[in-house]
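Close look at the chain arrangement
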Amino acid sequence: MAGCAMGRRGFLQCFGKVAGTLGLVLAAGRAQAFGDADKLQVGHILYAGGNPTPRPNALRRLMWELDKRTSIEVRVDSVPVRLSDAELFRYPLLYLSGDRSFPLPGDEDLSRLRRHLLGGGMLIIDSAEGRAGGGFDVSVRALCARLFPSPRAPLSRLPEDHVLFRSFYLLRVPAGRVLALPFLEAVISEGRAVIVYSQNDLGGAWARDPFGQWEHDVVPGGEAQREQSLRLGVNLAMYALCLDYKTDQVHVPFIMHRRAWQAFPGTSSGGKSP
């Protein structure tokens, strides 16, 4: 999937390679399409001095949903990793969560994480505090400032028209278990969101216990808001793997309609998200 991170041309090249093996994938059946080593697995970052696993069942449920809703092959169990682990670079998608302040990693660990992110990895940061501006938020901002020193704050509001909000589903408000903030924040490097930060407790909306019961109520929007939270999780994973390949594609019919002409006679302009 790394070849998809090159924009439209890179995606087309990637698609050509994938098309060559599509027949084998279909013939073998979905369960035999890839070995476990080729499936997406999330690295859940552990750290000392805080609570890195406030929603221990959240990622498993999200990955289950990702498996059922998309063609991405996944391993539903996340892997606990520390920034010092040699295995860190095996996971293109990392997840860091908490519900209180935590001490910053050392310089060597920060350098490893920075190298991973600049090399193509992506980090989702998920606050489970249930409010904006708590202790975890203070630590996250300090972490991002150390990772990407800049005269300006490295975290900035992600624009509503960013491709992440249409990488699979078309989304408006980035919901979680709560609506502490009506937007996401991100660290952008060379046009790519290498860190995406939510203070809306995504994991709280995703978490489901072994008996199939949702672990936390979602407020104020209830189950409709939970569904939006799951869709955002799917979009995050899709963006991490394929980046901007949908930037030019998903809104083409709407653009054509606004310009009062269509790419092909007789086609409908009513495009729909997958």
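Before going into details, it helps to say that this report is about the structure given with it. (Residues numbered from 1 in each chain as written. Predicted model: local features only at pLDDT ≥ 70, side-chain atom pairs only at ≥ 80, totals over all residues. Heavy atoms only, no water.)

Counting residues in each nonpolar core, the largest one holds 37 residues, and the members touching the most others are Leu40, Leu66, Leu93, Met122, Leu164, Trp206 and Leu236. Contributing elements (two or more residues each) for this core: α2 (58–69), β3 (93–98), β4 (122–127), β7 (192–198), α5 (202–206) and α6 (222–242). Counting residues per element, this core draws most heavily on α6, which supplies ten residues. Residues Leu96, Leu113, Leu117 and Leu155 belong to the second largest nonpolar core, which totals 26 residues. (Core = buried A, V, L, I, M, F, W, Y, C linked by side-chain atoms within 4.5 Å. Buried < 20%, exposed > 50% of the residue type's maximum accessible area, 1.4 Å probe, protein only. Helix = DSSP H or I, 4+ residues; strand = E, 2+ residues; numbered from the N terminus.)

This brings us to the packing of helix α3 (residues 107–118) against helix α4 (residues 135–147). It is the contact of α3 with α4, at a shortest axis distance of 10 Å, that shows an interaxial angle of 75°. Between α3 and α4, the angle falls in the class roughly perpendicular. Packed against α3, whose contacting residues are Asp107, Leu110, Leu113 and Arg114, the element α4 presents Leu143, Arg146 and Leu147 at the interface. Its residues assigned to classes, the contact of α3 with α4 shows four nonpolar, no polar and three charged. (Axes fitted to C-alpha atoms, helices over the stretch in contact; angles between N-to-C directions. Parallel < 35°, antiparallel > 145°, perpendicular 65-115°, else oblique. Contact = heavy atoms within 4.5 Å. Nonpolar A, V, L, I, M, F, W, Y, C, P; charged D, E, K, R; others polar.)

This brings us to the environment of Phe89. Mapped onto the fold, Phe89 is located in the loop between β2 (79–81) and β3. Here Phe89 falls in the partly exposed class, since its relative accessible area comes to 34%. In this structure the C-alpha to C-alpha distance between Phe89 and Leu117, which are 28 residues apart in sequence, comes to 9.3 Å. In this structure Phe89 touches Arg112, Arg115 and His116, once residues within four positions along its chain are discounted.

Taken as a whole and judged by the stated rule, the model has four aromatic pairs. Ring plane angle 35° and centroid distance 4.7 Å describe the contact between Tyr47 and Phe102, whose orientation is recorded as tilted. A residue pair is termed long-range when its members are at least 10 positions apart, and Tyr47 in the loop between β1 (43–45) and α2 and Phe102 in the loop between β3 and α3 qualify at 55 residues. You can call Phe102 buried: its relative accessible area is 8%. Ring centres of Tyr95 and Trp206 lie 6.4 Å apart, and the angle between their planes is 35°; this geometry places the pair in the tilted category. Within this pair, whereas Tyr95 is found in strand β3, its partner Trp206 is found in helix α5, the two being separated by 111 residues in sequence. The same class applies to Tyr95 as to Trp206, namely buried. Counting every residue linked through ring pairs, the aromatic cluster contains Tyr47, Phe102 and Phe136. The ring centre of Trp214 lies 4.2 Å from the NZ or CZ of Arg208, which sits over that ring. (Phe/Tyr/Trp six-rings, centres within 6.5 Å; stacked < 30°, edge-to-face > 60°. Lys NZ or Arg CZ within 6 Å of the ring centre and 35° of its normal.)

This paragraph deals with the environment of Glu129. Looking at the secondary structure, you find Glu129 in the loop between β4 and α4. What makes Glu129 buried here is its relative accessible area of 16%. Placed 28 residues apart in sequence, Glu129 and Ser101 show a C-alpha to C-alpha distance of 10.0 Å. Ignoring sequence-local partners within four residues, the contact set of Glu129 consists of Gly98, Asp99, Arg100, Gly134, Gly135, Phe136 and Asp137.

Our next topic: the sheet that holds strand β5 (residues 156–157). The strand order across the open sheet formed by seven strands is β2-β1-β3-β4-β7-β6-β5, and the pairing between neighbours is mixed. Two strands close off the open sheet at either side, each with one partner strand: β2 and β5. Two strands pair when backbone bridges link them, and β1 and β2 are joined in this way by three bridges, in the parallel orientation. The partner of His44 across the bridge, within β2, is Pro80. α4 rests against β3, β4, β6 (185–189) and β7 of the sheet, and its axis sits at about 165° to β7. Set on the sheet, α6 makes contact with β3, β4 and β7; between it and β4 the angle comes to about 160°. (Pairing = 2+ DSSP bridges.)

For α3, which comprises twelve residues, the first-to-last C-alpha distance of 16 Å matches the rise-based estimate of 16 Å (1.5 Å per residue) to within 8%. Of all the positions in α3, only Leu110, Arg112, Leu113, His116 and Leu117 are classed as buried. With its buried residues spanning 160° around the axis, α3 presents them on a single face. Exposed side of α3, more than 90 degrees from the buried face: Asp107 and Glu108 are the residues found there. (Expected span 1.5 Å × (residues − 1). Arc of directions from axis to C-beta.)

This part takes up the pairing of β3. With respect to burial, β3 is a largely interior element, six of its six residues being buried. Every second residue of β3 is oriented toward a common face, with Leu93, Tyr95 and Ser97 on one face and Leu94, Leu96 and Gly98 on the other, all of them buried. Here β1 runs beside β3; their pairing, made up of two bridges, is parallel. Bridging across to β3, His44 finds its partner in Tyr95.

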